[in-house]
Amino acid sequence: LSSVVRAHNTPQPVVAAMNNDAQYFDDAALARGEEDFLEHINIGDHDNGRTAVIMATVYGHDELLDKLLTLGADGAALDHDGNGALEFAASMGSVKMLRVLKKHGFLSAQSRDGFTALHRASWGRNETHLEALKFLVEECGVDADELNSSGLPATFTAVEHRNVASLKQLIDLGASTNAMNRRGDT
C-alpha cells in the first residue's frame, strides 16, 4: 500500500516520486526502451502538470531527485503555473535540493514569472531560506545583485515582503544598498 494517497489518474512516476520509491524507476528503466522510459518519467500529472522531478523536490527526496536526473529526467520541466524543481527548491529554502539541481546543471534558469532562485529564496522567513541565499551566492556564484525580469535585485524583493532577515543576509553577502528601481528609489 502506498504511503501517499494516489489521486485519480495520477501518473505512476509522479506517485512513485511522492512515495520516494526509487525501485519503481529502476524497474521502469528495465521494462521500457530508453526513449519510452524518458517519456514515461517526464509525464506530468493532469491536475497541475507536476512531474516526478518536481514532486521529488517538493517532498524533499534528494537522493531520488539525483537518481531521476542521472537517469535523464527533465530537470527543467515546468508545471502548469510555470514552476519547476528549481522554483520549488528555492521557495522552500531547501539547500539539499538546490545542491542536487546544481550538480546536474539546473540552477541558472529564470522562471517564466521573471524571478530567479535568489529572489524566491529571499521571500522566505526562516533559517533555511537564509542558508539557501548563502548557498546560492557563495557556492553557486550567483550575483547577490542579480536582477529579475523587472530589473530589480533580490533586496527589493525582500523589502517588498518585509523580510528583514533576508535583506540583512543579502547585504552581508555583498548586495548593494544603492540599487534603484525605475522611479529612482533605493
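Going by the structure above, here's the rest.
Okay, so let's go over this structure.

The rules behind the values
Residues numbered from 1 in each chain as written. Predicted model: local features only at pLDDT ≥ 70, side-chain atom pairs only at ≥ 80, totals over all residues. Heavy atoms only, no water. Core = buried A, V, L, I, M, F, W, Y, C linked by side-chain atoms within 4.5 Å. Buried < 20%, exposed > 50% of the residue type's maximum accessible area, 1.4 Å probe, protein only. Helix = DSSP H or I, 4+ residues; strand = E, 2+ residues; numbered from the N terminus. Contact = heavy atoms within 4.5 Å. Phe/Tyr/Trp six-rings, centres within 6.5 Å; stacked < 30°, edge-to-face > 60°.

Things to note about the nonpolar core
- Counting residues in each nonpolar core, the largest one holds 44 residues, and the members touching the most others are F25, L65, L68, L98, L101, L118 and L136.
- The element contributing the most residues to this core is helix 9 (residues 127-139), with 6 residues.
- Discounting chain neighbours no more than four positions away, the residues touching L118 are L133, L136, V137, V142, D143, A144, E146, A154 and L170.

So, unusual backbone geometry
- Its identity as a non-glycine residue notwithstanding, N20 has a phi of 60°, on the positive side.
- Locating N20 in the fold gives a position in the loop between helix 1 (12-18) and helix 2 (22-31).
- In this structure N20 comes out as partly exposed when scored by relative accessible area, which is 39%.
- Despite not being glycine, R162 has its phi angle at roughly 50°, a positive value.

Regarding the side chain of S111
- Residue position: S111 is located in the loop between helix 7 (95-103) and helix 8 (117-123).
- Using a relative accessible area of 7% as the deciding quantity, one classes S111 as buried.
- Leave out the neighbours within four places in its chain, and S111 touches E87 and R120.

Examining the packing of aromatic side chains
- Applying the stated criterion to the full structure yields 2 aromatic pairs.
- Between Y24 and F25 the ring centres are 5.2 Å apart and the planes differ by 90°, which places this aromatic pair in the edge-to-face class.
- Judged by centre distance (5.3 Å) and plane angle (80°), the ring pair of F115 and W123 falls under edge-to-face.
- Since its relative accessible area comes to 22%, F115 is described here as partly exposed.

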